Amino acid sequence: MPIISQFYGILIYMYQEIGGHHNEPHIHIKYNEYEMSMTLNGKILDGKLPQKQKKLVDAWITIHEEELKATWHAYHEDGELIKIKGLE
């Protein structure tokens, strides 16, 4: 799974799911033993994160919403994966 960003131990992935059940633009998040999939609008599709890390991811999505949309389209149309800066 290609990492597009990471911060505070949180890894953000984006990959193409052949025949996957998540059709709308989304990301996959890993933090320690936790995993979550959520849309670029912040809707949880699957899994869970601790509340603190979920708030960090929500803030990151808000800050980088346009970059995330551009990355989703570039990756799914051209196979180009754009890295996005994490929180500092």
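Residues numbered from 1 in each chain as written. Predicted model: local features only at pLDDT ≥ 70, side-chain atom pairs only at ≥ 80, totals over all residues. Heavy atoms only, no water.

**Description of the packing of aromatic side chains**
And step 1. By the definition in use, this model includes two aromatic pairs.
And step 2. Measuring from ring centre to ring centre gives 6.4 Å for F7 and Y8, while their planes differ by 85°; the resulting arrangement is edge-to-face.
And step 3. The partly exposed category is assigned to Y8, whose relative accessible area is 49%.
And step 4. These aromatic residues form a ring-pair network of at least three members: F7, Y8 and W60. (Phe/Tyr/Trp six-rings, centres within 6.5 Å; stacked < 30°, edge-to-face > 60°. Buried < 20%, exposed > 50% of the residue type's maximum accessible area, 1.4 Å probe, protein only.)

**What to know about the confidence of the model for the protein**
And step 1. For the protein, mean pLDDT is 90; residues scoring 70 or higher make up 92% of the total.
And step 2. For the protein, helix α2 (residues 65–78) is the element with the lowest average pLDDT, namely 89, and strand β2 (residues 10–13) is the one with the highest, namely 97. (pLDDT = per-residue confidence, 0-100. Helix = DSSP H or I, 4+ residues; strand = E, 2+ residues; numbered from the N terminus.)

**Notes on the pairing of strand β3 (residues 26–31)**
And step 1. With respect to burial, β3 is a largely interior element, five of its six residues being buried.
And step 2. In this structure, β2 lies alongside β3, joined through four bridges in antiparallel fashion. Each bridged residue has a counterpart across the sheet, and for I10 the counterpart in β3 is Y31.
And step 3. Taken together, the six bridges between β3 and strand β4 (residues 34–39) define a ladder with antiparallel strand orientation. Paired with H26 across the two strands is T39, which belongs to β4. (Pairing = 2+ DSSP bridges.)

**With respect to the nonpolar core**
And step 1. Of all hydrophobic cores here, the largest spans 20 residues; its most connected members are I4, I12, I27, I29, V57, W60 and L68.
And step 2. Elements represented by at least two residues in this core include exactly β1 (3–7), β2, β3, β4, α1 (51–63) and α2.
And step 3. Each residue touching I12, except ones within four places of it in the same chain, is listed here: P2, I3, I4, S5, F7, I27, H28, I29, V57 and W60. (Core = buried A, V, L, I, M, F, W, Y, C linked by side-chain atoms within 4.5 Å. Contact = heavy atoms within 4.5 Å.)

**With respect to the environment of Y13**
And step 1. Looking at the element boundaries, Y13 is found in strand β2.
And step 2. Judged by relative accessible area, which is 9%, Y13 ranks as buried.
And step 3. It is 12 Å that separates the C-alpha atoms of Y13 and P25, two residues lying 12 residues apart in sequence.
And step 4. Setting aside anything within four residues of it in sequence, one finds Y13 in contact with M1, P2, I3, I4, I27, H28 and K30.

**A short note on the environment of L81**
And step 1. Its place among the elements puts L81 in the segment after α2.
And step 2. Each residue touching L81, except ones within four places of it in the same chain, is listed here: P2, I3, I4, M14, T71 and Y75.

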